[in-house]
Amino acid sequence: MGVVNVTPDSFSDGGQWYGADAAIAHGLELAAQGADIVDVGGESTRPGAQRIDETEELRRIGPVVTELVRAGLTVSIDTMRARVAEFALDAGAQLVNDVSGGLADPDMPRLVAAAGVSYVVVHWRGHSRDMYARALYADVVAEVRDELAKRVDAVMRAGVDPGHVVVDPGLGFGKRPEHNWPLLARLAELGTLAGETFPVLVGASRKGFIGRLLAAEDGTPRTLADRDQATVAITALAAASGAWCVRVHQVPPNVDAVQVAAAWRRSR
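Source: prediction; values computed, not measured.

Draft legend 1. Molecular detail of the overall build of the protein. From N to C terminus, the protein includes 10 helices and 10 strands. The C-alpha radius of gyration computed for the protein amounts to 17 Å, which stays within 12% of the reference 18 Å derived for 268 residues, consistent with globular compactness. Seen through its C-alpha atoms, the protein measures out along the principal axes to roughly 45 × 45 × 40 Å. Across the protein, the fraction of contacts at a sequence separation of at least 24, relative to all contacts at a separation of at least 6, is 65%. About 11800 Å² of surface is accessible on the protein, with carbon and sulfur atoms providing 51% of the total. For the protein, the distance from the average position of its 27 positive side-chain charges to the average position of its 34 negative side-chain charges is 4 Å.

Draft legend 2. Spatial organisation of the pairing of strand E2 (residues 38-41). Both faces of E2 are covered, namely the face carrying Val38 and Val40 and the face carrying Asp39 and Gly41. By the bridge criterion, four bridges tie strand E1 (residues 2-5) to E2 in an arrangement that is parallel. Looking across to E2, one finds that valine 4 is bridged to valine 40. Pairing geometry for E2 and strand E3 (residues 75-78), over four bridges, is parallel. The residue of E3 that forms the bridge with aspartate 39 is serine 76.

Draft legend 3. Here's a closer look at empty space enclosed by the protein. In the structure shown here, the tally under the stated rule is three cavities of 30 Å³ or more. Space inside the largest cavity adds up to approximately 80 Å³. What lines the largest cavity is a set of 14 residues, and nearest its centre among them are Ser44, Thr45, Met80, His127 and Ser128. Of the residues that constitute the lining of the largest cavity, the class distribution is six nonpolar, six polar and two charged. Looking at the second largest cavity, its volume works out to about 40 Å³. Looking at which element gives the most residues to the lining of the second largest cavity, the answer is helix H9 (residues 228-240), with four residues. Taken together, the residues of the lining of the second largest cavity sort by class into six nonpolar, three polar and one charged.

Draft legend 4. Seen up close, the side chain of aspartate 168. Among the structural elements, aspartate 168 can be located in strand E6 (residues 165-168). At a separation of 2.7 Å, a polar atom in the side chain of aspartate 168 contacts the main-chain amide nitrogen of glycine 170. In contact with aspartate 168, not counting residues within four places along its chain, are Val120, Val121, Val122, His123, Leu148, Leu201 and Gly203.

Draft legend 5. Quick look at the pattern of salt bridges. Scanning the model with the defined rule gives 15 salt bridges in all. Here arginine 81 makes a salt bridge to glutamate 43, at a shortest N to O gap of 3.7 Å. Residue arginine 81 is found in the loop between E3 and helix H3 (82-91), and its partner glutamate 43 is found in the loop between E2 and helix H2 (54-70); the two are separated by 38 residues along the sequence. With a relative accessible area of 13%, arginine 81 lands in the buried category. Residue glutamate 43 is classed as buried on the basis of its relative accessible area of 9%. The salt bridge involving arginine 247 is made with aspartate 78; its shortest N-O contact spans 3.1 Å. With arginine 247 in the loop between strand E10 (245-246) and helix H10 (251-267) and aspartate 78 in strand E3, the pair connects residues that are 169 residues apart, well separated along the chain. In this structure, arginine 247 and aspartate 78 share a single accessibility class: buried. Here the salt bridges do not stand alone but share partners, grouping Glu43, Arg51, Glu57 and Arg81 into one network.

Draft legend 6. Local environment of the nonpolar core. Ranked by internal contacts, the top residues of the largest apolar core, which has 59 residues, are Val40, Val96 and Val202. Here this core takes six residues from helix H5 (residues 140-157), the largest share from any one element. Beyond its immediate stretch of four places on either side in the chain, valine 202 contacts Leu171, Leu184, Leu187, Ala238, Ala243, Cys245, Val246 and Arg247. Val99, Val120, Leu201 and Cys245 belong to the second-largest nonpolar core, a separate cluster that totals 13 residues.

Calculation rules
- Within each chain, residue numbers correspond to sequence positions counted from 1 in written order.
- A pLDDT threshold of at least 70 governs which residues receive local features in this predicted model, and a stricter bar of 80 or more applies before side-chain atom pairs are shown or counted, although totals over entire chains, interfaces and linings include all residues.
- To get the side-chain values, take all heavy atoms of the structure and skip hydrogens and water.
- A run of DSSP states H or I qualifies as a helix once it reaches four residues; a run of E qualifies as a strand once it reaches two. Both are numbered from the N-terminal end.
- Throughout, radius of gyration means the C-alpha value; the globule benchmark is 2.2 Å times the number of residues raised to the power 0.38.
- Throughout, a contact is declared for two residues whenever any of their heavy atoms are within 4.5 Å.
- Per-residue accessibility takes into account occlusion by the displayed protein chains alone, with areas from the Shrake-Rupley method and a 1.4 Å probe.
- By the counting scheme adopted, Arg and Lys are positive, Glu and Asp are negative, and His together with the chain ends is not counted.
- By convention, the charge on Lys lies at NZ, on Arg at CZ, on Asp at CG and on Glu at CD.
- The rule is simple: take the accessible area with a 1.4 Å probe, protein chains only, and divide by the maximum for that residue type; under 20% is buried, over 50% is exposed, in between is partly exposed.
- The pairing criterion is simple: DSSP has to find at least two bridges between the two strands.
- A 1.4 Å probe that fits into a set of points on a 1 Å grid over the protein atoms alone but cannot get out defines a cavity; an open set with protein on both sides within 12 Å along at least five of seven lines defines a pocket, and lining residues are those with an atom within 4 Å of a point.
- Grid points are joined across faces, edges and corners, and a volume is the space filled by probe spheres set on the points.
- Under the convention adopted here, Pro, Cys and the residues Ala, Val, Leu, Ile, Met, Phe, Trp and Tyr are nonpolar, Asp, Glu, Lys and Arg are charged, and Gly plus all remaining residues are polar.
- We call two N or O atoms a polar contact when they sit within 3.5 Å, provided that within protein one can donate a hydrogen and the other can accept it, with sequence-adjacent residues counted only if both atoms are side-chain atoms.
- Basic side-chain nitrogens of Lys or Arg form a salt bridge, by our definition, when they fall within 4 Å of a carboxyl oxygen of Asp or Glu.
- In this description, a nonpolar core means a group of buried Ala, Val, Leu, Ile, Met, Phe, Trp, Tyr and Cys residues linked to one another through side-chain atoms lying within 4.5 Å.

Shown next as structure tokens:
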């Protein structure tokens, strides 16, 4: 899954693809490089980000989703708002990637159920402005798994087909750096909820916990652009552990990592 941030304040690219023309060109490039899905988002969810209004989010993503679908790409919409998802689905998007897992907008699960599309349910404890205040865990893997199970149950009760549910541990969302590594190390456990097994999406690309791991001696985190090689390492490990998909900013090296992991799994 290649990332297209149609935002001026994304943590990962600082608005590089903010304009519609630039975002469309970037989406086409990601697909040409091997992305199976292009994930379009118009609202930043970086730590501390303030929400934009629905009209602005629609203005940002509208032409991008429309043109990428028209070009024949498999498009997902990264949004917490049902009306934004509805626009994208009407335009031909095939997947809703909701970082709130349906908590931010109670209409979202019903919309997804009616549309019959895939739904990424992300572990989430609150909006970006104060997400770290909720990053309190005694056993992060058990708690994330339990909370994901509750959200998956809720969206299925709203009518979402279990076969359309994808789960995401929400790396970095309401989690401090030390919380993300156990989730990655025990990834296989996160997809098995209430006796059912769901595909798992991993979104580690360029995130702060990588920058902290690779920090300089003075504690300065590794720069965003210099986190891509470590992202590739996580991609290989996640794919070898059975992840369904990885969400990344740089496609070619991560495609290679997935192919290596696939060969590893076949041989094992």
